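So the chains spell out like this:
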Amino acid sequence: MKKLSFYFLILVFLSSCSTIKYVSEDELLLTKNTIYVDSVKSSKSEVSDLLLQRPNAKALGLPLSLYFYNLGNPNGSKDVPEWKKNHPKTYNTFKKIFSEKQSISVANSFIGFNNWFLENGEAPVIIEDKKIKRTKQNLANYYFTEGYFRSKVSSKKDTLSEKKGAINYYITKGKPSFLDSIYTTIKSPVLDSIYKRNTAGSFLKKGKQYKNENFIKETDRIIQLFRNKGIYHFNENNILFDNDTLKEYTKTNVEIAISDRLIENNGEYTSKPFRVQKIKQINIFTDYLYKLRNNAFKDTMNYKGIDYFAYKKLKYNPKYLSQSVFLKPGQVYTDSLRNLTRNHIRGLKNFKTTSIRYTELNDDELEANIYLTPIEKYTLGLETELARSNIRTFDVSAKFSITNRNTFKGAENFKFSVSGSYFNSTSGLGWEVGSNISLEVPRFMAPFGLNKLVPKRMYPKTIFYTGISIQKNIALDKQNISLGIDYKWQYDKKRSIQLELINTQYIRNLNVDNYFSIYSSEYDELSEVVTAYDSTYTLPDPNSSENVAEIVSYMNTISSDNSFEDSNPTEYQDNLNILNRYNIITSDFLIPVIAYNFTYNNQENNKDADFSYFKVRIANSGNIMGLLSNTTNSKGQKTAFKLPLAQYFKTDFEYKKFWSLSENSVLAHRSFIGAIVTYNNSDIPFSKSYFAGGSNDIRAWRTYDLGPGSRAQGLEYNIGSLKFLSSFEYRFNVVGSLKSALFVDIGNIWDITNSSLVDDASRFTGIKSLSDMAVGAGFGIRYDLKFLVARLDLGFKVREPYLTNSRWFQNTNFSNAVYNIGINYPF
């Protein structure tokens, strides 16, 4: 029965694979557009984007959305009476056996399915002569704007096969026109003076080819120039370009005419010269609502020449709110400072709307009015999540938060949250609870005048935070306490900086005696070592907490036996690996970090699919506190408050690049490299180490399953101190909100601590170690829910570095594949 169902689905799909299924006899399905510019084939996007008709979108060379559309019938029934007329036997059968109500329900179901296919698929693109004509006009207009005033455009429609066709467009550009003489006619003396002092940045230069784009840029430049020099009323209607090509079309003479200001009075317009205007008065309404606009103000205050008004009580301290206002009384009007003020106030995350309006007091003075509508002071939040991973087979979690805005009357945002999760893991049922507190201050809070190092226009912020979490039946049941101060600022539109001045974390393991029952694979491997070392000795039961000390003592005995190292080097090294991991994972740590983060992102907006992203993080832990401490533990490690200090340098580099290949496909790339170097005999905390595998990493391996190096699999929670990862992903739309992807992930982790407890297979020894790269590949299905993307990726092991013979394609099959469930894209 399953086979019959499968073959039936294949048959239905194949029936839709005829791209001309719904193409009439007198129609042609558009399969190809070709553009020839001066007899040379062109694929420039700025030209091809002008075509009104394009072939149906393809993914992997197939018009999948058209196939999906063809599963429906555009000529199908639109309502129940029509369906009854077209399918009388089916309708009457259901009516006879059940009832007419059931027949109507069946009819609606078939109609609904048919409409779903049509709405989510893509109808065949039929060649239309009218659209060819309009496309030719688009192309002619484009080349005219590029300075080719005598260009010619023709087209040819070809029939390729049954009901399939192609369109060829032929463009002859002709000779371009170049700018010749450029002169200005500016009536207002003030504007004429400003313009002549700022001609160096003009986009119109004698000898440059005529391009409409440069005239648009010059218009924007002139508007910005004048409005940033106090000419408040100036706009694009005051600019006129008069281009003369009558004498010779290959030469364009340009007159830039800038008119006076037009003033309307009782329906009549008069002109007068522009004048530079200054801001005389600034008013800020801190609780503005349109319905209250005529009410009297109950609270007012003047601070540094700016008046603050409130319909109720003035809740914002003018001293701090003024730090987001870049307008000053007596200042020449400047558009850029108006925009900076608006964006800075929006960045406070305290106001729903921000409006800045100007009123003209006289020919020389303006009044600035800033209307602010606050967001509710308190906001409650609730988040829930269901998850599954190779570590937690079922996980339900929830987070409750409350946000208090304008906490100390300086537009601060205070947030308190509590979270909890309950799950079933490989160790049984468990839970985790935590609480976090943060305070975001929209300015730098630093002593000794350091707050002045970053200008206000860079949106400086100080973030104080602390948190605690407690685990039960998660590994060794950690208790985690964090405390920190971060400084953030936006250097410019593309670059941002974050300084983690104090980022301290205390990690305490509450259930160390449970180590070998949690990490059972290590106990099993240790049992084999003990058998080789002393076959008469039986390793104690790992499930008894009283036996852990004896097991660890026995591991230390084996590690100090040089004769066993000579006779059984493999088992000896396995014992060292297990002992090393035990020491790292069970250690309590104090981790005082100072870090610098730099991020570059040139993405214009969320719809921009062609951009680059780069981030670097340089961190140090324990340096300052280590200098202040003069105590050490038995391992020679620096301590503070009797806790071992984590002392290391850590550097991470991440680069992402996205290429928009078409309207429905993107090629995405991500590379990451990171390294941790310790000093003063310090170990690396488990939580700060690198791991490989998982839904956002090398997807052919589960989280923590891969590495380090070429070490054989078998242990849980594999970690390293060096990591490299590189991924390529081809993303494309399938139909409607359903998307897919093909991906390749390359990378691994290694150990670079030079610890004597680490085996050679795990170490990074130079270029030769790059042969330990793992390669995974696969495909994914994604569904766009608008607010998030649900993702299922299937990863196949292509190259496994731990295999001793052939490493390629040994387990590339569905039985060894890894299914990754994730939210949003992996990078």
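Rules used throughout
Residues numbered from 1 in each chain as written. Predicted model: local features only at pLDDT ≥ 70, side-chain atom pairs only at ≥ 80, totals over all residues. Heavy atoms only, no water. pLDDT = per-residue confidence, 0-100. Contact = heavy atoms within 4.5 Å. Patch = residues over 30% accessible without salt bridge, like charges linked within 9 Å, V, L, I, M, F, W, Y side chains within 5 Å. Areas by Shrake-Rupley, 256 points an atom, 1.4 Å probe, with all protein chains shown as cover. Salt bridge = Lys/Arg side-chain N within 4 Å of Asp/Glu carboxyl O. Lys, Arg positive; Asp, Glu negative; His and termini not counted. Charge placed at Lys NZ, Arg CZ, Asp CG, Glu CD. Helix = DSSP H or I, 4+ residues; strand = E, 2+ residues; numbered from the N terminus. Phe/Tyr/Trp six-rings, centres within 6.5 Å; stacked < 30°, edge-to-face > 60°. Buried < 20%, exposed > 50% of the residue type's maximum accessible area, 1.4 Å probe, protein only. Lys NZ or Arg CZ within 6 Å of the ring centre and 35° of its normal. Pairing = 2+ DSSP bridges. Core = buried A, V, L, I, M, F, W, Y, C linked by side-chain atoms within 4.5 Å. Axes fitted to C-alpha atoms, helices over the stretch in contact; angles between N-to-C directions. Expected span 1.5 Å × (residues − 1). Arc of directions from axis to C-beta. Parallel < 35°, antiparallel > 145°, perpendicular 65-115°, else oblique. Left-handed = near helix turned anticlockwise from the far one by under 90°.

Undergrad: Would you explain the confidence of the model for the protein chain in this entry?
TA: Here the protein chain shows a mean pLDDT of 91. Residues at 70 or above account for 96%. When the criterion is pLDDT under 50, residues 1-14 qualifies, and its contacts beyond four places in sequence or with other chains add up to three contacts.

Undergrad: I'm lost on a positive patch on the surface in this one. Help?
TA: Taken together, the side chains of Lys291, Lys298, Lys312, Lys313, Lys315, Lys377 and Lys409 define a basic patch exposed on the protein surface. Topologically, Lys313 is positioned in the loop between β12 (306-310) and α10 (318-321).

Undergrad: Looking at this model, I keep getting lost on the packing of aromatic side chains. Mind explaining?
TA: The geometry of an aromatic ring pair comes down to the distance between the two centres and the angle between the two planes. Scanning the model with the defined rule gives 45 aromatic pairs in all. Between Phe285 and Tyr371, the aromatic rings sit 4.9 Å apart at their centres with planes inclined by 10°, giving stacked as the arrangement. Highlighted residues: Phe285 in strand β10 (residues 278-285) and Tyr371 in strand β14 (residues 365-374), separated in sequence by 86 residues. Across the pair, exposure class does not vary: Phe285 and Tyr371 are buried alike. Following the ring pairs from residue to residue traces out a cluster consisting of Phe285, Tyr288, Phe297, Phe309, Tyr311 and Tyr371. Lying over the aromatic face of Tyr320, Arg443 brings its terminal NZ or CZ to 4.0 Å of the ring centre. In this structure, Lys656 is placed above the aromatic ring of Tyr613, and the distance from its NZ or CZ to the ring centre is 4.7 Å.

Undergrad: Is there a simple way to think about the pairing of strand β8 (residues 261-265) in this case?
TA: Looking along a regular strand, one sees the side chains alternate between the two faces of the sheet. Sheet analysis places β8 next to strand β9 (residues 268-272), joined by five bridges and oriented antiparallel. Looking across to β9, one finds that Glu264 is bridged to Tyr269. Where β8 folds back onto β9 in an antiparallel hairpin, the turn is made up of two residues, including Asn266, whose phi is positive at roughly 55°.

Undergrad: Before we go on, may I ask you to explain the nonpolar core in this structure?
TA: As a rule of thumb, nonpolar side chains are buried together in soluble globular proteins. Counting 29 residues, the largest nonpolar core has Tyr515, Phe516, Tyr519, Leu526 and Met555 as the members making the most contacts within it. Within the residue set of this core, elements represented by two or more residues are α12 (515-518), α13 (520-533), α14 (548-559) and α16 (569-586). No other element matches α16, which puts seven residues into this core. In this structure, Tyr232, Ile284, Leu321 and Ala368 belong to the second largest nonpolar core, which totals 23 residues.

Undergrad: Would you mind showing me how to read the sheet that holds strand β1 (residues 29-37) here?
TA: Strand pairing in a sheet takes place through backbone hydrogen bonds and is either antiparallel or parallel in direction. In spatial order, the strands read β2-β1-β4-β3; together these four strands make up an open sheet with mixed pairing. Strands with a single pairing partner mark the edges of an open sheet, and in this sheet they are β2 (40-42) and β3 (152-161). Pairwise comparison of adjacent strand axes, ignoring direction, gives a mean angle of 30° for this sheet. Examined bridge by bridge, β1 and strand β4 (residues 164-172) share eight bridges and lie parallel to one another. For Leu30, the partnering residue across the bridge sits in β4 and is Gly165. In this fold helix α7 (residues 129-145) packs onto β1, β3 and β4, with an angle of close to 145° to the strand it touches most, β3.

Undergrad: Would you mind going over a nonpolar patch on the surface with me for this structure?
TA: Taken together, the side chains of Leu60, Leu742, Phe779, Ile781, Leu792, Phe814, Tyr819 and Ile821 define a hydrophobic patch exposed on the protein surface, amounting to about 780 Å² of accessible area. When residues of the nonpolar patch are traced back to their parent elements, those giving at least two are β30 (774-784) and β32 (818-823). The residue Phe779 is located in strand β30 in this model.

Undergrad: Would you explain the pairing of strand β26 (residues 648-662) in this entry?
TA: Direction of pairing for strand β23 (residues 611-621) relative to β26: antiparallel, over a ladder of 11 bridges. Each bridged residue has a counterpart across the sheet, and for Asn620 the counterpart in β26 is Phe649. Direction of pairing for β26 relative to strand β27 (residues 665-678): antiparallel, over a ladder of 14 bridges. Within β27, the residue paired with Trp659 across the bridge is Leu667. Joining the antiparallel neighbours β26 and β27 is a turn of two residues.

Undergrad: How should I be thinking about α7 in this particular structure?
TA: For α7, which comprises 17 residues, the first-to-last C-alpha distance of 25 Å matches the rise-based estimate of 24 Å (1.5 Å per residue) to within 8%. Those residues of α7 that fall on the buried side of the exposure criterion are Ile132, Thr135, Leu139, Tyr142 and Tyr143. All buried residues of α7 fall inside an arc of 90° around its axis, so they share one side. Seen from the open side of α7, the exposed residues pointing more than 90 degrees away from its buried face are Lys130, Lys133 and Arg134. Taken together, the buried residues of α7 touch β1, α2 (45-48), β3 and β4. Backbone geometry just after α7 places Gly147 at a positive phi near 100°.

Undergrad: What should I look at first to understand the pattern of salt bridges in this one?
TA: If charged atoms from side chains of opposite charge come close, those side chains can pair. As enumerated under the stated definition, the model contains 34 salt bridges in all. The residue Arg731 makes a salt bridge to Glu729 at a minimum N-O spacing of 2.5 Å. Residues joined by salt bridges that share partners form a network here, namely Arg699, Glu729, Arg731, Asp745, Arg782, Arg791 and Asp793.

Undergrad: Is there a simple way to think about the environment of Phe351 in this case?
TA: Structurally, Phe351 is set in strand β13 (residues 351-360). Note on Phe351: relative accessible area 7%, which makes it buried. A C-alpha to C-alpha distance of 33 Å links Phe351 and Ile594, two positions 243 residues apart in sequence. Beyond its immediate sequence surroundings of up to four residues, Phe351 is in contact with Thr286, Tyr316, Leu321, Ile345, Leu372, Thr373, Pro374 and Ile375.

Undergrad: What is the right way to look at the sheet that holds β14 in this model?
TA: Here five strands make up an open sheet; going across it, the order is β11-β12-β10-β14-β13 and the pairing mixed. Each end of this open sheet is capped by a strand with a single partner; those strands are β11 (299-303) and β13. On average, each strand axis in the sheet is tilted by 20° relative to the strand beside it, whichever way the strands run. The pairing of β11 with β12 spans five bridges and is classified as antiparallel. Along β12, the bridge assignment pairs Asn302 with Asp307. Sheet strands in contact with helix α11 (residues 335-346) are β13 and β14, and its direction is about 160° off that of β13.

Undergrad: Before we go on, may I ask you to explain the packing of helix α5 (residues 88-97) against helix α6 (residues 100-120) in this structure?
TA: Between two packed helices, what matters for the description is the angle formed by their axes and the separation of those axes. Here α5 crosses α6 at 140°, and the two axes come no closer than 7 Å. As far as their axial angle goes, α6 and α5 are oblique. Crossing angle aside, the handedness with which α5 passes α6 is right-handed. Residue-level contacts link Tyr91, Phe94 and Lys95 of α5 to Glu100, Ser103, Ile104 and Val106 of α6.

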